[in-house]
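Here are the chains, one letter per residue:
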Amino acid sequence: MCFCGTSRECLEFSFTEEDIKIFVVKLQIATKRLFAFASNVPDREEKNLNRVLSSSR
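Nothing here was measured: the structure is a model prediction, and the numbers come from that model. (Residues numbered from 1 in each chain as written. Predicted model: local features only at pLDDT ≥ 70, side-chain atom pairs only at ≥ 80, totals over all residues. Heavy atoms only, no water.)

Draft legend 1. The arrangement of the overall build of the chain in detail. Within the chain one finds 2 helices and 0 strands. When the 57 residues of the chain are sorted by exposure, 5% land in the buried category. Counting every atom, the chain has about 5,600 Å² of accessible surface; 58% of that belongs to carbon and sulfur. (Helix = DSSP H or I, 4+ residues; strand = E, 2+ residues; numbered from the N terminus. Buried < 20%, exposed > 50% of the residue type's maximum accessible area, 1.4 Å probe, protein only. Areas by Shrake-Rupley, 256 points an atom, 1.4 Å probe, with all protein chains shown as cover.)

Laid out in structure tokens, this is it:
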């Protein structure tokens, strides 16, 4: 199954449903780790982290 947004088969980006599930699980784990890290960061470092994250957009 191709999730490229077209009805034609897409050779460049072809993700299976299993690939997407694995990606979502890894993203959830990374999010939990980021929140755990952010909750343990002192106030000054938290401001620096917020600055870095906002400048990366």
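Draft legend 2. Structural detail: a nonpolar patch on the surface. The grouping of Phe-15, Ile-20, Phe-23, Val-24 and Leu-27 at the surface amounts to a nonpolar patch, some 460 Å² of accessible area in total. Inspection of the secondary structure assignment puts Ile-20 in helix H1 (residues 17-39). The class for Ile-20 is partly exposed, based on a relative accessible area of 34%. (Patch = residues over 30% accessible without salt bridge, like charges linked within 9 Å, V, L, I, M, F, W, Y side chains within 5 Å. Salt bridge = Lys/Arg side-chain N within 4 Å of Asp/Glu carboxyl O.)

Draft legend 3. Here's a closer look at the pattern of salt bridges. Within this structure, the stated rule accounts for 1 salt bridge. Note that Glu-17 and Lys-21 form a salt bridge whose closest N and O atoms lie 3.7 Å from each other. Linking Glu-17 with Lys-21, this pair stays in helix H1, spanning 4 residues, or about one helical turn.

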